[in-house]
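# Reading the structure
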Amino acid sequence: MKKIIAAVTSLVMLCGMTSCSSKDEKDEKNGKKVVGLCMPSVDLERWNTDGEYLKNLFEKAGYEVKLVFSQNDATRQNNDILSILNDGVDLLLIAAVDGNALAKPLDDAMSKGIPVVAYDRLIMNTKAITYYVSFDNFEVGKLQGGYIRDALDLDNAPDSYSIEFVSGDSGDNNASIFFDGAKDVLDQYIKSGKLKVLSGKTTFEETAIKRWETENAENEMKKTLSKYYTDKQLDAVLCANDSTALGVIQAIESGYKGGNQPVITGQDGDIENLKNIIDGKQAMTVFKNVRDEASVAFEVSKRLLNGETPTGRLIDSLAVDVRYDTESYQNGAKYVQSYLLVPTVITKDNLQVMVNTGLYQWDANNKYIENAAK
């Protein structure tokens, strides 16, 4: 009888231990913190790369990740964020489609105590933003403008030159900052007459390209060329990024009557644009190392998930060049604490800089740059 009781007791204990073990495993699994990553579009090389790299960083650190791409549709991004919030999330990291259109879902996040980090693009008119991680966007524009200034030797050249501006999407807060940075460098030459804008389009609103799309940039440049440059030389086009630069290049190849190659700027380091730089169709791009930006966003987010408060001291522990700024980025509701990385000018003479990041490699013929094999 004692043996039977002992056996039953052991069985009960074993079952109890098994039940506890299963419960512990379930609790551990359910206890994994969840990060919502919201990217603008999978169709643009830049955001596809950022999204996947960030996802890998968080998953390797043990977080569950919900990654969504919103097809450059602000309404869809609102709905994506609301869906993630309803499913349950511990932090949102958002690259906004339209920085002016997210106040409602982010108010919901703030009411639930969920920290929100704005990634690359500042989100406007909400107190829900906890931090902002990006490159120094004003500096990006200054680098583009400075390149045109030096390429045309505006400080010494006796003649005047023509220039056109092709800016980014009006819903992207960064786009106006890029434009302001470029105008900060070039405005004095426009006012003095050294630079002439034959189209007369000298404001951000006049030069903005919807959704940053290549096709839209191409169509706008074709109109400009056919109206103002049938018998005039175009010397430079300040393109805010590589997708707009690609459209401008296509328009010039099909509709420009001049015999010169205009100086064309860009930003992001897209593969097709790097090929155009090597082929002499585009002069430069401003490279923003995705790994650096993502790693800083990850470190900020990780501390928030751990219940910590990131401050300026964080930059001392980072392996990349970052500036902590609490005074420059006012989103209409608050000054947002910002971690700003330093961008790099890339021309055909220093493409090896991109290869050295490990994100790119030379092709089999050692002529063009391609994405590094994964």
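Within any chain, residue numbers begin from 1 and follow the written order of that chain's sequence. Per-residue local features are limited, in this predicted model, to residues with pLDDT of at least 70; the limit for side-chain atom pairs, both in listing and counting, is 80 or more; totals at the level of whole chains, interfaces and linings are taken over all residues. Water and hydrogen atoms were dropped before computing side-chain values, which therefore reflect all heavy atoms in the structure.

## Digging into the sheet that holds strand β12 (residues 338-341)
The strand order across the open sheet built from seven strands is β2-β1-β3-β4-β5-β12-β11, with neighbouring strands paired in mixed fashion. Each having just a single partner strand, β2 (64-69) and β11 (322-325) make up the two edges of the open sheet. Recorded for the sheet is a direction-independent mean angle of 15 degrees between the axes of neighbouring strands. In this description, strands pair whenever DSSP reports at least two bridges between them. Secondary structure counts use DSSP, requiring at least four H or I residues in a row for a helix and at least two E residues in a row for a strand, with both numbered from the N terminus. Of the strand pairs in this sheet, strand β3 (residues 91-94) and strand β4 (residues 116-119) are connected by three bridges, and their pairing is parallel. Counterpart to leucine 92 in the pairing with β4 is valine 116. We call two residues in contact when some of their heavy atoms are within 4.5 Å. Orientation is described by lines fitted to C-alpha atoms, with helices fitted over the stretch in contact, and by angles between N-to-C directions that extend from 0 to 180 degrees. Against the sheet, helix α4 (residues 103-111) touches β3, β4 and β5 (129-135), its axis set at about 150 degrees to β3.

## So, the packing of helix α8 (residues 214-228) against helix α9 (residues 242-255)
For the pair α8 and α9, the least separation of the axes is 7 Å and the interaxial angle reads 40 degrees. When the axes of α8 and α9 are compared, the pair comes out oblique. Handedness of the α8/α9 crossing: right-handed. Along its contact with α8, which presents Thr214, Ala217, Glu218, Met221, Lys222 and Leu225, the element α9 presents Ser243, Thr244, Leu246, Gly247, Val248, Gln250, Ala251, Ile252, Ser254 and Gly255. Geometric relationships in this document are graded by angle, where less than 35 degrees denotes roughly parallel, more than 145 denotes roughly antiparallel, 65 to 115 denotes roughly perpendicular, and other angles denote oblique. With the far helix as reference, a near helix turned anticlockwise by less than a right angle produces a left-handed crossing, and one turned clockwise produces a right-handed crossing.

## A word on the sheet that holds strand β9 (residues 263-264)
Taken together, four strands build an open sheet; the order of strands is β7-β6-β8-β9 and the sheet is parallel. Each edge of the open sheet carries a strand with a single partner, namely β7 (195-196) and β9. Relative to β7, strand β6 (residues 161-166) runs parallel, the two being bridged by two bridges. Bridge assignment links serine 162 to a residue of β7, and that residue is lysine 196. Against the sheet, helix α6 (residues 173-192) makes contact with β6, β7 and β8 (236-239), and its axis sits at roughly 160 degrees relative to β6, the strand it touches most.

## Re α4
Where α4 is concerned, the buried positions are Pro105, Leu106 and Ala109. Around the axis of α4, the buried residues are gathered within 95 degrees of arc, so they sit on the same side. In α4, those exposed residues whose orientation departs by more than 90 degrees from the buried face are Lys104 and Ser111. A positive backbone phi angle near 75 degrees is found at glycine 113, which sits one or two residues after α4. Three labels apply to residues, based on accessible area from a 1.4 Å probe with only protein chains included: buried if under 20% of the type maximum, exposed if over 50%, partly exposed otherwise in between. The arc in question is the one traced by the directions running from the helix axis out to the C-beta atoms.

## Observations regarding the packing of aromatic side chains
Two rings belonging to Phe, Tyr or Trp (six-membered ring only in the last case) form a pair when the distance between their centres is within 6.5 Å. Interplanar angles under 30 degrees mark stacking, angles over 60 mark edge-to-face geometry, and anything in between is tilted. As enumerated under the stated definition, the model contains nine aromatic pairs in all. Ring geometry for phenylalanine 178 against tryptophan 212: centres 6.2 Å apart, planes inclined by 70 degrees, an arrangement best described as edge-to-face. Remark: tryptophan 212 occurs in the loop between α7 (204-207) and α8 and phenylalanine 178 occurs in helix α6; sequence separation between them is 34 residues. Side by side, phenylalanine 178 and tryptophan 212 carry an identical accessibility label, which is buried. Grouping aromatic residues by their ring pairs yields a cluster made of Phe58, Tyr63 and Phe298.

## Quick word on empty space enclosed by the protein
For cavity detection a 1 Å grid was placed over the protein atoms alone, and a set of points counts as a cavity when a 1.4 Å probe fits there but cannot get out; an open set counts as a pocket when protein lies on both sides within 12 Å along at least five of seven lines, with lining residues being those that have an atom within 4 Å of a point. Grid points are joined across faces, edges and corners, and a volume is the space filled by probe spheres set on the points. Enumeration according to the criterion identifies two cavities of 30 Å³ or more in this entry. The space that makes up the largest cavity amounts to roughly 170 Å³. Taken together, 16 residues line the largest cavity, and the ones lying closest to its centre are Arg46, Trp47, Arg121, Asn241 and Asp268. Secondary structure elements with two or more residues in the lining of the largest cavity: α2 (45-60) and α6. Ranked by the residues each element gives to the lining of the largest cavity, the list is headed by α2, at three residues. Amino acid classes used here: Ala, Val, Leu, Ile, Met, Phe, Trp, Tyr, Cys and Pro are nonpolar; Asp, Glu, Lys and Arg are charged; the rest, including Gly, are polar. Taken together, the residues of the lining of the largest cavity break down into four nonpolar, four polar and eight charged.

## Let's talk about the pattern of salt bridges
Definition used for salt bridges: Asp or Glu carboxyl oxygen within 4 Å of a side-chain nitrogen of Lys or Arg. Scanning all chains against the criterion turns up 22 salt bridges. A salt bridge links arginine 46 to aspartate 268; the shortest N-O distance between them is 3.8 Å. Taken together, the positions of arginine 46 in helix α2 and aspartate 268 in the loop between β9 and α10 (271-278) put the pair 222 residues apart, joining distant regions of the chain. The exposure classification of arginine 46 matches that of aspartate 268, with both residues buried.

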